[in-house]
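Understanding the architecture of this molecule
Listed below are the residues making up each chain.
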Amino acid sequence: MTALLNQQVLVLNRLWQAVNICTARRALTLLFQGHAQAVLNRDDGSFQTFNFAEWHDLSRTEPHPESIATVSFRIRVPRVILVLFFDRVPKKEVKFTRQNIFERDQNTCQYCGKVFDRKDLNLDHVIPRDRGGPTSWENIVCSCIGCNTRKRNRTPREAHMQLIRRPKRPKWRPFVQINLSLARHDSWKHFIDLAYWNVELGSDKR
Ligand SMILES: [Zn+2]
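Residues numbered from 1 in each chain as written. Predicted model: local features only at pLDDT ≥ 70, side-chain atom pairs only at ≥ 80, totals over all residues.

A few points about the overall build of the protein chain
- Within the protein chain, the regular secondary structure consists of seven helices and nine strands.
- Evaluated residue by residue, the protein chain yields a buried proportion of 27% over its 206 residues.
- Contacts in the protein chain between residues far apart in sequence, at least 24 positions, make up 59% of those at least 6 positions apart. (Helix = DSSP H or I, 4+ residues; strand = E, 2+ residues; numbered from the N terminus. Buried ≥ 20, exposed ≤ 12 C-beta atoms within 10 Å, placed from the backbone. Contact = placed C-beta atoms within 7 Å.)

In structure tokens, the structure reads:
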């Protein structure tokens, strides 16, 4: 039972982004206090969330080996929880990551202003790297493949292209980086794969 309570649980924020890892003990406390919901991967690939009462019901109707018994009831240990009050996660500086650049630019090419799938967007150095352009919030933007090809290794001015807005460090609250080597459990995989976008880029330190 102690081992189960110390088991690691993946913590998602309200945007379903992996933000942290906590113990099952902590996860159950947050669930019980109504600060979090348990997340379950269903066989059809969907995800379902449960508040404490619903999770308690599920623990009874669908008994699972990863359960703990209290005096009065038996409850399943969650593998993933969704924290409803993100304020409980410590505030950190916005990390300079692909994910956060795409978030800042809202998946929009900063030259033509069109929205794309992330896989169809590049990260562009506004002032090219070999011209001394830094890898920084102020010099990296999302760019579609078409605009990227057109711009080539030139400044926007040289390419007669204009940014739709000046790139800046974002102010919103970021991801909390989680250690990818901790990605041990199958039910985490979906969320950890997303964490690729979350790896901090080799950046110029401010
Ligand atoms: Zn474009």
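Topic: unusual backbone geometry
- We note that Arg152 has phi near 50°; this positive angle belongs to a residue other than glycine.
- Topologically, Arg152 is positioned in the loop between helix H5 (145-151) and helix H6 (156-159).
- The phi angle at His160 is positive, at roughly 55°, despite the residue not being glycine.
- His160 sits in the exposed class, given 9 other C-beta atoms within 10 Å.

Quick word on the confidence of the model for the protein chain
- When pLDDT is averaged along the protein chain, the result is 83, and 82% of the positions lie at 70 or above.
- The lowest-confidence element of the protein chain is helix H7 (residues 189-193), averaging 70 in pLDDT; the highest-confidence one is strand S9 (residues 140-144), averaging 97.
- Note on residues 173-177: pLDDT under 50 across the span, and 17 contacts to partners over four residues away in sequence or across chains. (pLDDT = per-residue confidence, 0-100.)

Comments concerning the sheet that holds strand S4 (residues 47-50)
- The five strands are arranged S2-S1-S7-S3-S4 in an open sheet whose pairing can be described as mixed. For this open sheet the edge positions go to strand S2 (18-23) and S4, each flanked by a neighbour on one side alone. The mean angle between the axes of side-by-side strands here comes to 35°, regardless of whether they run parallel or antiparallel.
- Along the sheet face, helix H2 (residues 24-32) touches strand S1 (8-12), S2, strand S3 (36-41) and strand S7 (80-83) and points at about 105° away from the line of S2. (Pairing = 2+ DSSP bridges. Axes fitted to C-alpha atoms, helices over the stretch in contact; angles between N-to-C directions.)

Re the nonpolar core
- Judged by nonpolar contacts, the single largest core of 24 residues is most densely connected at Leu10, Leu12, Ala27, Leu31 and Ile81.
- Those elements giving two or more residues to this core turn out to be S1, S2, H2, S3 and S7.
- Ranked by residues supplied to this core, first place goes to H2 with five residues.
- Counting residues in each nonpolar core, the second largest holds 10 residues, with Ile101, Val126, Ile140 and Val141 among its members. (Core = buried A, V, L, I, M, F, W, Y, C linked by C-beta atoms within 7 Å.)

A short note on H2
- The set of residues buried in H2 consists of Ala24, Ala27, Leu28, Leu30 and Leu31. Across the axial projection of H2, the buried residues extend over an arc of 160°, all falling on one side.
- Of the residues flanking the end of H2, it is Gly34, one or two places downstream, whose phi is positive at about 80°. (Arc of directions from axis to C-beta.)

Observations regarding the environment of Arg25
- Mapped onto the secondary structure, Arg25 falls in helix H2.
- Given 16 C-beta atoms within 10 Å, Arg25 falls into the partly exposed group.
- Taking the C-alpha atoms as reference points, Arg25 and Thr2, separated by 23 residues in sequence, lie 9.0 Å from one another.
- Ignoring anything within four residues of it in the chain, the contact list for Arg25 reads Leu5 and Asn6.

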